[in-house]
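# Structural characterization, general
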Amino acid sequence: MPADVRMLHVVQLEIDEAMLTGESLPARKDIFAVDNPQASLGDMRCLAFRNTRVVVGRGKAVVVATGMNTEVGKIAKTISL
């Protein structure tokens, strides 16, 4: 993924998010919003994150964050302090 995105349409979409979540299996994505503002990145099934990799499927999405405003960018900011 080139940016953090909100999924609008998915067809059997699975994304490798191991670099962010540590999960060994790809995350299955859907279009349903998460109601919990405290949800972990792994629970945000309607979002895909920068620098993660599509394993199978396809989808359409809208960009919600780029550069240092992405989840990966936030980690980079924290590390560089």
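So, here is what we can say about the structure in this document. (Residues numbered from 1 in each chain as written. Predicted model: local features only at pLDDT ≥ 70, side-chain atom pairs only at ≥ 80, totals over all residues. Heavy atoms only, no water.)

## Description of the overall build of the protein chain
Broken down by element type, the protein chain carries two helices and four strands. The order of helices and strands in the protein chain, counted from the N terminus, is β-α-β-β-β-α. A principal-axis box enclosing the C-alpha atoms of the protein chain has dimensions of 40 × 25 × 25 Å. Within the protein chain, the fraction of its 81 residues that count as buried is 27%. Considering only contacts in the protein chain between residues 6 or more positions apart, those separated by 24 or more positions represent 64%. As displayed, the protein chain offers around 5300 Å² of accessible surface, 55% of which is attributable to carbon and sulfur atoms. Side-chain charges in the protein chain split into 10 positive and 9 negative, and the spacing between the mean points of these groups amounts to 7 Å. (Helix = DSSP H or I, 4+ residues; strand = E, 2+ residues; numbered from the N terminus. Buried < 20%, exposed > 50% of the residue type's maximum accessible area, 1.4 Å probe, protein only. Contact = heavy atoms within 4.5 Å. Areas by Shrake-Rupley, 256 points an atom, 1.4 Å probe, with all protein chains shown as cover. Lys, Arg positive; Asp, Glu negative; His and termini not counted. Charge placed at Lys NZ, Arg CZ, Asp CG, Glu CD.)

## A word on the pattern of salt bridges
Between side chains of opposite charge, a pair can form as their charged atoms come close. A complete count under the given rule lists five salt bridges for this structure. Between Glu 14 and Arg 28 there is a salt bridge whose closest N-O contact spans 3.7 Å. Highlighted residues: Glu 14 in strand β1 (residues 4–16) and Arg 28 in strand β2 (residues 27–28), separated in sequence by 14 residues. Of the charged contacts in the structure, one is a salt bridge between Lys 29 and Glu 17, with a shortest N-O distance of 2.5 Å. With a gap of twelve residues between them, Lys 29 in the loop between β2 and β3 (47–48) and Glu 17 in the loop between β1 and α1 (18–21) connect regions that are remote in the sequence. (Salt bridge = Lys/Arg side-chain N within 4 Å of Asp/Glu carboxyl O.)

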